[in-house]
Amino acid sequence: MSYQSDDKGYYGEFGGAFIPEMMYPNVHQLQNCYLEIIESDDFRQEFKQLLRDYAGRPSPLYYSDRLSDHYYAKIYLKREDLNHTGSHKINNTIGQILLAKQLGKTRIIAETGAGQHGVATATVCARAGLDCIVYMGALDVARQSPNVEKMKMLGAEVRPVFSGNKTLKDATNEAIRDWINNPVDTHYILGSVVGPHPYPDMVARFQSVISEEIRMQLLEKTGKETPDYVIACVGGGSNAAGAFYHFLDDPTVKLIAVEAAGKGVDSGESAATTQLGRTGVLHGSKSLLMQTPDGQIVEPYSLSAGLDYPGIGPMHANLFVTKRAQFLSATDDEALRAALYLTQKEGIIPALESAHALAALEMIEFKPDDVVVVNVSGRGDKDMEAYLSYYQSTK
Amino acid sequence: MENRITSLFKRKDENILSIYFTAGYPELNDTVKIISQLEKSGTDLVEIGMPFSDPVADGPVIQQSSEIALRNGMTIHLLFEQLKEIRKSVSIPLILMGYLNPVMQYGIEAFCEKCKEIGIDGTIIPDLPLEIYETEYKEIFEKNTLSNIFLVTPQTSDERIKQIDSLSTGFIYMVSSSSTTGVKGAVNEEQISYFERIRKMNLRSKRLIGFGIYDKASFEKASGYANGAIIGSAFVKALEDEGTETETRVKNFVQKFY
Ligand SMILES: Cc1ncc(COP(=O)(O)O)c(C=O)c1O
């Protein structure tokens, strides 16, 4: 069984391209040309070079002595937080901006939750000299303000979105509407492995550099390319897709995806899609979705803006139903505790999203020889406000 | 296939006035009232919107009406309940328009069967693409004499328009410009050359032009290039006028087109 998408963008029963006709020409063009473009030698060479010289890759794989002692396993941290712009999101935006240029597009739009994808998009647009408009839920504009300021300084226009819960889902709706209204000159840089085919596969390919590097780095450090566990948080699922990618077909590697439980899976304020969702269609693909019995999308909740989304990408829905990956969830409090712990034991302040992956270390019984890789998808600068109020409440 | 849509076009093939509204808006139980008054006032065809929480092809007016309709408690089950007896009093063609997810949760086959039972003639489901319709659902729709209506836009290639034409059993919905619903503006040169291009293709299907049609002038202009036109946001907006009876608002609005 393959865990990759087929040529119509299906992962098992999930995926596809459920789009209104207004989006058809753009999406169809991408479907037809994305593989040819991104697999070409010129593209690969430029992409690789930018990842190295501009984004600072490879990101280190850091052996954490203190977490290893604490959890009785060999814990490695994949340091996506050290990338330029502070998260894994830059891997995807570098790829997509090169693609957009080849397609002759002059205007870039994006959605963002935590603002990391927005900053990563604004960054590559500044470098490419392209107009950049970022849609961001009004609630997220307020709770991730450092990133809003960065996007503005980078020359992007940040458009707050006031519909729905004013978070990531609503920003995505608005970006789609923009694309419908600007079908000729605009490329939509989607920030996760969601959306219509080919986005899930395309974004996963751009992020797959994470697991490509993990394999090489593990080989160098341990003499073996594969770990026992890879742990990553899942909003839409792009950092997890990248961290899992080159291990998907190796059943000896346990894949752990961590969703945001918010205030608790059963609290009514949660974003744990695999536990709360059913199969449905949103934002152009069929996947697991949090929804009412009537098929209205339920507003999710997580303290972490990047995980505050009512669905997961179709690749992950398939990994869940086939049981190839195990899905866990961490609450706001568990994530905050894990973030503080890493900060105090290792001097690394992780993003609140990544803190959900770290929180999963508490939930798994490891054997002492287990090699565990946790993907630290981003850094916590943007989350200082949430961290400070938590930190003060614990003193 | 024959239904009220095909017989309408046999009877009349110009200046067809088609009007959209969102079920459950402004009030939950306005549905039958609005449809009946639309028919009485001379509307040829009615599109009943099934509200969805995330209507990506819609502009602010229909977004807002959908949000209010959902808050009022509208669901597909309730809508079918409201429409149960509609064919005792209304004879113009009725089309249900909405996004795929709520229909999928209802069950597509069950949905189509219920439509037939009630006397619904067609559906518009913008995010159900042609390819998936053709391979998975066409038979179910046709068995229930439902015309699924497809959209074309100024960006749709001739080749694809021909494909859409061959799969259409009701009419082709020509989106007037590249936009979400409710963006209005005078019909411009670019749109006219698009309308002309399609007219010259001599399609077998009838065509209605929608999106951005809002008054008599834009209706007449659009109708000049097709079999008629569709009004959505402008009507939904007119329904929000407080202080008069819903029927009066409907009547006053439709009158402006004659
Ligand atoms: C640091 C970080 N990690 C994870 C995510 C979640 O996205 P994904 O699941 O696509 O990796 C975000 C999204 O904003 C993020 O900023």
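Rules behind the numbers
Residues numbered from 1 in each chain as written. Chains lettered and ligands numbered in written order. Predicted model: local features only at pLDDT ≥ 70, side-chain atom pairs only at ≥ 80, totals over all residues. Heavy atoms only, no water. Buried < 20%, exposed > 50% of the residue type's maximum accessible area, 1.4 Å probe, protein only. Helix = DSSP H or I, 4+ residues; strand = E, 2+ residues; numbered from the N terminus. Pairing = 2+ DSSP bridges. Domains from an automatic or database assignment. Contact = heavy atoms within 4.5 Å. Salt bridge = Lys/Arg side-chain N within 4 Å of Asp/Glu carboxyl O. Near = heavy atom within 4 Å. Polar contact = N/O pair within 3.5 Å; in protein donor to acceptor, adjacent residues only side chain to side chain. Areas by Shrake-Rupley, 256 points an atom, 1.4 Å probe, with all protein chains shown as cover. Nonpolar A, V, L, I, M, F, W, Y, C, P; charged D, E, K, R; others polar. Axes fitted to C-alpha atoms, helices over the stretch in contact; angles between N-to-C directions. Core = buried A, V, L, I, M, F, W, Y, C linked by side-chain atoms within 4.5 Å. Parallel < 35°, antiparallel > 145°, perpendicular 65-115°, else oblique. Left-handed = near helix turned anticlockwise from the far one by under 90°.

(A) Here's a closer look at the pairing of strand β5 (residues 107–112) of chain A. All names here are of chain A. Burial analysis of β5 places 6 of its 6 residues in the buried class, the great majority of the element. Neither face of β5 is open: one carries R107, I109 and E111, the other I108, A110 and T112, and all of them are buried. Pairing analysis gives 6 bridges linking β5 to strand β6 (residues 131–137), with the strands arranged parallel. From the neighbouring strand, A110 faces β6, where its bridge partner is V134. The pairing of β5 with strand β8 (residues 186–188) spans 3 bridges and is classified as parallel. Each bridged residue has a counterpart across the sheet, and for I109 the counterpart in β8 is Y188.

(B) Spotlight on the domain arrangement of chain A. Residues and elements named next belong to chain A. When its domains are assigned, chain A resolves into domain 1 (11–50 + 89–203) and domain 2 (58–87 + 208–394). Summarising the inter-unit geometry, the C-alpha centres of domain 1 and domain 2 are found 22 Å apart. At the junction of the two partners, domain 1 supplies 41 residues and domain 2 supplies 44 residues. The interface formed by domain 1 and domain 2 includes 2 salt bridges. Ionic pairing is found between D308 and R143, a salt bridge with its closest N-O pair at 2.8 Å.

(C) How the structure looks around the site of the ligand. All names here are of chain A. Lining the immediate environment of the ligand, one finds 19 residues, of which S192, G235, G237, S238 and S377 sit closest. S192 has a polar side-chain atom sitting 2.5 Å from an oxygen atom of the ligand. Summarising the interface, the protein chains cover 98% of the accessible area of the ligand, which totals 390 Å² for the free molecule. When its residues are assigned to classes, the shell around the ligand shows 5 nonpolar, 12 polar and 2 charged. Viewed by domain, the shell around the ligand spans two of them, domain 1 (11–50 + 89–203) and domain 2 (58–87 + 208–394), each represented by three or more residues.

(D) Spatial organisation of the sheet that holds β6(A). Residue and element names in this part refer to chain A. On the basis of which strands lie adjacent, the open sheet formed by 4 strands has the order β7-β6-β5-β8 and parallel pairing. One side of each edge strand has no neighbouring strand; the edge strands of this open sheet are β7 (157–161) and β8. Sheet twist, expressed as the average angle between the axes of neighbouring strands with direction ignored, equals 25°. Alignment of β6 against β7, held across 5 bridges, turns out to be parallel. Residue M136 lies in a different strand from β7, and its bridge partner there is P160. Against the sheet, helix α5 (residues 116–128) engages β5 and β6, with an angle of about 165° to β5.

(E) Main features of the side chain of B:S223. Locating B:S223 in the fold gives a position in helix α11 (residues 216–223). With residues up to four places along the chain from it excluded, the contact list for B:S223 reads B:N15, B:G228 and B:A229.

(F) Layout of the nonpolar core. Ranked by internal contacts, the top residues of the largest apolar core, which has 186 residues, are A:F244, B:I48, B:L96, B:F111, B:F171 and B:F235. With 7 residues, helix α1 (residues 24–38) of chain A is the single largest residue contributor to this core. Residues from two domains meet in this core; each of domain 1 (11–50 + 89–203) and domain 2 (58–87 + 208–394) of chain A gives at least three. Setting aside anything within four residues of it in sequence, one finds A:F244 in contact with A:S211, A:V230, A:A232, A:L255, A:I256, A:A257, A:H316 and A:L319. In terms of nonpolar packing, the next biggest core, distinct from the first, is built from 28 residues, A:L67, A:V258, A:L328 and A:L361 among them.

(G) Looking closely at the packing of helix α8 (residues 130–143) of chain B against helix α9 (residues 158–167) of chain B. All names here are of chain B. Close contact between α8 and α9 brings their axes to 11 Å; oriented N to C, the two are set at 25°. Taken together, the axes of α8 and α9 are roughly parallel relative to one another. Where α8 crosses over α9, the two elements pack in a sense that is left-handed. Residue-level inspection shows L130, E131, E134 and K138 of α8 in contact with α9, the latter providing R160, Q163, I164 and L167.

(H) The arrangement of the packing of helix α14 (residues 332–346) of chain A against helix α16 (residues 384–394) of chain A in detail. All names here are of chain A. Running from N to C, α14 and α16 cross one another at 85°; their axes reach a closest spacing of 11 Å. Relative to α16, the element α14 lies roughly perpendicular. On the side of α14, the interface is formed by D333, L336, R337, A339, L340 and Q344, while α16 contributes A386, Y387, Y390, Y391 and T394. Class assignment of the residues belonging to the contact of α14 with α16 gives a composition of 7 nonpolar, 2 polar and 2 charged.

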